[in-house]
Amino acid sequence: MSALIRLSNLTVAYERHPAVHHVSGSFAEGSLTAIAGPNGAGKSTLLKAIVGELRPAEGSIDRGTLMRNDFGYLPQAADIVRRFPISVADTVMLGAWKNAGAFGQFSRKDAERAREALDLVGLSGFERRHIGSLSAGQFQRVLFARLLLQDARVILLDEPFTAIDQRTTRDLLDIVLRWSREGRTVIAVLHDFEQVRAYFPETLLIARELVGWGRTQDVMSATNLIRARAMAERWDMEADECSADDVESEGGLVKREPAE
Ligand SMILES: Nc1ncnc2c1ncn2[C@@H]1O[C@H](COP(=O)(O)OP(=O)(O)OP(=O)(O)O)[C@@H](O)[C@H]1O
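In this text the structure is predicted, and so the values were computed from the model without any measurement.

Calculation notes
Chains are numbered independently. Their residues run from 1 in the order of the written sequence. Given that the model is predicted, a residue must reach a pLDDT of at least 70 before its local features are reported, and side-chain atom pairs must reach 80 or more before they are shown or counted; all residues, however, enter totals for whole chains, interfaces and linings. Comment: burial labels come from other C-beta atoms within 10 Å of the residue's own C-beta, placed from the backbone, where a count of 20 or more is buried, 12 or fewer is exposed, and between is partly exposed. Per the convention used, a helix needs a DSSP run of H or I reaching at least four residues, while a strand needs a run of E reaching at least two, with both numbered from the N terminus. When DSSP finds two or more bridges between a pair of strands, those strands are recorded as paired. The criterion for a residue being near a molecule or strand is a backbone-placed C-beta atom within 6 Å of that molecule or strand. Each residue receives one of three labels: charged for Asp, Glu, Lys and Arg, nonpolar for Ala, Val, Leu, Ile, Met, Phe, Trp, Tyr, Cys and Pro, and polar for the others, Gly being one of them. A residue's pLDDT is simply how confident the predictor is in it, with values from 0 to 100. Two residues qualify as being in contact provided that their C-beta atoms, derived from the backbone, are within 7 Å of each other. Simply put, an axis is a line fit to the C-alpha atoms, just over the touching stretch for a helix, and the angle between two N-to-C directions goes from 0 to 180 degrees. Here the word oblique covers every angle except those under 35 degrees (roughly parallel), over 145 (roughly antiparallel) and from 65 to 115 (roughly perpendicular). Left-handed describes a crossing whose near helix is turned anticlockwise from the far helix by less than a right angle; the clockwise case is right-handed.

(A) Structural context of the pairing of strand 9 (residues 209–215). Burial runs high along strand 9: five of the seven residues are buried. Relative to strand 9, strand 8 (residues 202–207) is paired through six bridges, and the arrangement is antiparallel. Each residue of the ladder has a partner; that of Glu202, found in strand 9, is Arg215. Hairpin remark: strand 8 followed by strand 9, antiparallel, with one residue in the connecting loop; positive phi at Arg208, about 70 degrees.

Structure (structure tokens):
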């Protein structure tokens, strides 16, 4: 499989304080990758950088021919406001915005696809409900329906199953696996290691710096997990922006070559 997104010495910082530090490697086209790591390890930051919400402080992200429209991004639930007076059907239709006409009108075909997507996530009949009236699990189903409609080549999910019941998690995991079978590239931030091991063939383990990136069974070793925790704990939150030289003094980082 060829590299679809390549990170080269990527550092992402908030006001000069690095949150993700000198990460290099690549996501192969069609790969299904979990991003794992301790709290505050930089997982969400990495995802935001990949989708283009944050710019690299150093290094680069090569997205090849991918355009913004090719990315479907589901932020953490905490970052999504759902007090807007908007219905389930309209929320799902937002996934088809790139097909909308100049005045925001959608085709009958898109409306039909939205119905199919809601059916697939088990929410037929919820079209007119206000999103604020849904449970956390139902709302996550709506957001997955919106992603289905978006039909993106790359799907980025930030902790999609946090605070979601088991049944919903299983249903939504099925959709993730379906996207993968369809050849889409899926990258998900996950904190449930069992889930990572059971469903995600590739893992990027991060603790501000890369701990490992490759086959899940290799990366999620006890040694790497202990190392990730120790690395996260020793991070100096007040550290200034790093210099490129730092990488030399931090030998032992696992760097993955692009998959062929
Ligand atoms: N908007 C921001 N401004 C300043 N610092 C931030 C901002 N967002 C995140 N950070 C800091 O960057 C670091 C990495 O945060 P990030 O949210 O990427 O980690 P994470 O691995 O996704 O964490 P968690 O598992 O707790 O969600 C943390 O120290 C966090 O406090």
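So, next bit.
(B) How the structure looks around the site of the ligand. Lining the immediate surroundings of the ligand are Tyr14, Ala19, Gly37, Asn39, Gly40, Ala41, Gly42, Lys43, Ser44 and Thr45. Looking at the shell around the ligand, the element that brings in the most residues is helix 1 (residues 43–51), giving three residues. Partitioned by chemical class, the residues of the shell around the ligand number three nonpolar, six polar and one charged.

(C) The confidence of the model for the chain, seen in detail. Per-residue pLDDT for the chain has a mean of 87; in total, 85% of the residues score no lower than 70. Across residues 244–260, where pLDDT falls below 50, the model places 22 contacts with residues more than four positions away in sequence or in other chains. We note a pTM of 0.88 for the whole complex and an ipTM of 0.97 for its interfaces.

(D) How the structure looks around the packing of helix 3 (residues 108–120) against helix 4 (residues 136–150). Direction vectors running N to C along helix 3 and helix 4 enclose 135 degrees, while the axes themselves pass 9 Å from each other. Between helix 3 and helix 4, the angle is such that the two are oblique. The hand of the helix 3/helix 4 crossing is right-handed. Touching Arg113, Ala114, Ala117, Leu118 and Leu120 of helix 3 are Ala145, Leu148 and Leu149, all from helix 4. Across the contact of helix 3 with helix 4, the residue classes break down as seven nonpolar, no polar and one charged.

(E) Expanded view of the environment of Arg229. Looking at the element boundaries, Arg229 is found in helix 8 (residues 222–233). Assessed through the 15 C-beta atoms surrounding it within 10 Å, Arg229 is described here as partly exposed.

(F) Quick look at the sheet that holds strand 2 (residues 17–28). A sheet is described by the order of its strands in space; here three strands give the open sequence 2-1-4, paired in antiparallel fashion. Of all strands in the sheet, those with a lone pairing partner are strand 2 and strand 4 (58–62), marking the two edges. Recorded for the sheet is a direction-independent mean angle of 15 degrees between the axes of neighbouring strands. Pairing analysis gives eight bridges linking strand 1 (residues 3–14) to strand 2, with the strands arranged antiparallel. Bridging from a neighbouring strand, Arg6 pairs with Ser26 of strand 2.

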